[in-house]
Structure formats: C-alpha cells, structure tokens
Amino acid sequence: MSRRKKLYEGKAKILYEGPEPGTLVAYFKDDATAFNAQKKAVLEGKGVLNNRISEYIMAHLNRMGVPTHFIKRLNMREQLVREAEIIPLEVVVRNVAAGSIVKRFGLTEGDALPRSIVEFYYKNDALQDPLVGEEHITAFNWATTQDIDDMIALALRVNDFVSGLFAAANIRLVDFKLEFGRIYDQNEMMRIILADEISPDSCRLWDMESNEKMDKDRFRSDLGHVTEAYAEVARRLGIIKEAAVVNLDEAKS
Ligand code: TMP
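The structure displayed is predicted, hence computed values, not measured ones.

1. A closer look at helix H4 (residues 145-167)
Counted at 1.5 Å a residue, the expected span for H4 with its 23 residues is 33 Å, and the 33 Å between its end C-alpha atoms agrees. The complete set of buried residues in H4 reads Asp 147, Ile 148, Met 151, Leu 154, Ala 155, Val 158, Asn 159, Phe 161, Val 162, Leu 165 and Phe 166.

Here you go:
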C-alpha cells in the first residue's frame, strides 16, 4: 500500500490521511505504555489484536445505533475511520472498583460499585490526566453542558452493550475509557461520535470465574503473558480461531 501522509502519532496508534476527505487511516502499533508513558515496551502482535477487537466492538456499536468513527478494517493493522475533532477528555465508566478509584476513595478492588460511575479526565500526559468536573470542562471550553450530557448518555449505552458482549464471552467488563470527537454534517450540524479504540488497552477485563486479568493491567503490573491474554479475549469473542494455549497463572510464579 502506498505510504500516506502521517498526520499524528500517539502512544499506541498513528493516524494517516485517508483516501477521501473526512477520513483517516488508523494504524495500530505494538507499542505499549503505562503511567503516562513512563513505562514503555513493544508487545509483538498487540496492534493486530487491538485492531481486530476494536473493529468487532465498534462495528457492533454502529449497528446498534451508537455513532462511532469506525468505517471498516483495511488490513491487519489499519482501519478506516471518520475524521473527528477530538474532545480532550478521557471518559471512564466503572462497574467494579479497580485502579485509581480504589486508591482515591479507599475502596476494595473487586467490589461492585453501587451503580455505574462515569468520570472525566483531562487528556494531558504532562499533567497525568487529572480528574475533572463539569465546572472545569465548561469553564475551559473543552466541552459544553450539552456535550457532557451526550457523552454520558453514549458512554452508558456503550457500557450496557459492551458489558453484555463480554459477559457472553465469560469476561467481566470492570471499567473502560472512551474518547469522543465532533463531526459536522453538510449543514454544519455538530454531532458527537465515539472515537479512538475499545480494546484490552483501554478496558479492564476479568475472567468471570477466576477474576484473572485479561487486559493492560498485565503490563502495568508485570504479570506477564500480555498479548496471550489479549489473544484469549479475541478468541472468546470469536474473532480469532485459536489462541496460544497459556495458563495465565503460570505468569504469577
Ligand atoms: P484508572 O483506574 O487508572 O483511572 O483507569 C480506568 C480505565 O481507563 C481502565 O480501564 C484503564 C483505562 N485507562 C486508559 O485507557 N488510559 C489511561 O490513560 C488511563 C489512566 C486509564
């Protein structure tokens, strides 16, 4: 494929100019980062798996009427997406206590939350993505009150649908992070759509029975077998036929 103009390189993806105006090509890298890029590694095959898993979820969401930037997968590492003006917020939905909320409020990891909680973080590595409230979001013009309402409604719809998708694969959707963007229709009408990716890089996924972690926490906490766990997620969703037979427990010893 002819090399396209690179528009942006992030930690896990590169965005190239798309074949038509208003489109981009997203290339999924094998690079893994954690703790705002303080920890880095290359995990061979991760990009291919995340491309496939994100395709699977986004295509389902499109069919369910949740607007996403996903158009189609182009090859093993690339997908065609709609160009959107990214809102500089990370929208996190939590169903079970894990990660930063455990530390912030002194919770116990694994406890079910009283209801699904939606949080906003300002997307800025240098500031370590601080938690923000509606006041900050509107005062600094990152998004309007209407945008916030739209993002919460979409995030909760994504949560309901994707929780079910994973539950059918015997996987618990503990929490996840979304990013949204704005697109403008012919008559300049603005719409918010889901952008970025939904993959084991951006979700916490636990085996329903054993609570074994099947997501980027394996990298963050040096549990080993990271790509094998991602492949197992893809296999259980029926995206790939076989995953290397690995016992995730082995990595702990
Ligand atoms: P947290 O518990 O560290 O706040 O993370 C919540 C969820 O968001 C978890 O599924 C991991 C995901 N996440 C990202 O995708 N990118 C990030 O930069 C951070 C901090 C979390």
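2. Focus on the site of the ligand
Among the 16 residues in the neighbourhood of the ligand, the closest are listed as Arg 94, Ser 100, Asp 175, Lys 177 and Arg 204. With respect to the ligand, the side chain of Glu 90 contributes an N or O atom lying 3.4 Å from an oxygen atom. Breaking the shell around the ligand down by element, the ones donating at least two residues are strand S9 (89-96), strand S12 (171-184) and strand S14 (203-207). Per-class residue counts for the shell around the ligand are 5 nonpolar, 3 polar and 8 charged.

3. So, the environment of Val 102
Positionally, Val 102 belongs in helix H2 (residues 100-105). When neighbours within four sequence positions are excluded, Val 102 is seen to be in contact with Ala 97, Leu 107, Thr 108 and Glu 109.

4. A short note on the pairing of strand S6 (residues 70-73)
Relative to strand S7 (residues 78-82), S6 runs antiparallel, the two sharing 3 bridges. Within the sheet, the bridge partner assigned to Lys 72 lies in S7 and is Leu 80.

5. A short note on helix H1 (residues 46-63)
Given a rise of 1.5 Å per residue, 18 residues ought to cover 26 Å, and the 26 Å separating the end C-alpha atoms of H1 matches this to within 8%. For H1, a buried count of 14 out of 18 residues is recorded, marking the element as mostly surrounded by other parts of the structure.

About the thresholds
In every chain, residue numbers begin from 1 and rise along the written sequence. Predicted model: local features are reported for residues with pLDDT of at least 70 only, side-chain atom pairs are reported and counted for 80 or more only, and whole-chain, interface and lining totals are derived from all residues. The basis for every side-chain value is the complete set of non-hydrogen atoms in the structure, without hydrogens or water. Put simply, DSSP marks the helices as runs of H or I at least four residues long and the strands as runs of E at least two long, and each gets a number from the N terminus on. Take the number of residues in a helix, subtract one, and multiply by 1.5 Å to get its expected span. Accessible area is worked out with a 1.4 Å probe on protein chains only. A residue is then buried under 20% of its type maximum, exposed over 50%, and partly exposed in between. One heavy atom suffices: a residue is near a molecule or strand as soon as one of its heavy atoms comes within 4 Å of it. Polar contact is defined as a pair of N or O atoms within 3.5 Å, subject to the rule that within protein one atom must be able to donate a hydrogen and the other to accept it, and that residues adjacent in sequence are counted only when both atoms are side-chain atoms. Only Asp, Glu, Lys and Arg are considered charged in this grouping, and only Ala, Val, Leu, Ile, Met, Phe, Trp, Tyr, Cys and Pro are considered nonpolar; every other residue, Gly among them, is considered polar. Residues count as neighbours in contact if any of their non-hydrogen atoms are within 4.5 Å of one another. Pairs of strands are assigned from DSSP output, requiring at least two bridges between the strands.

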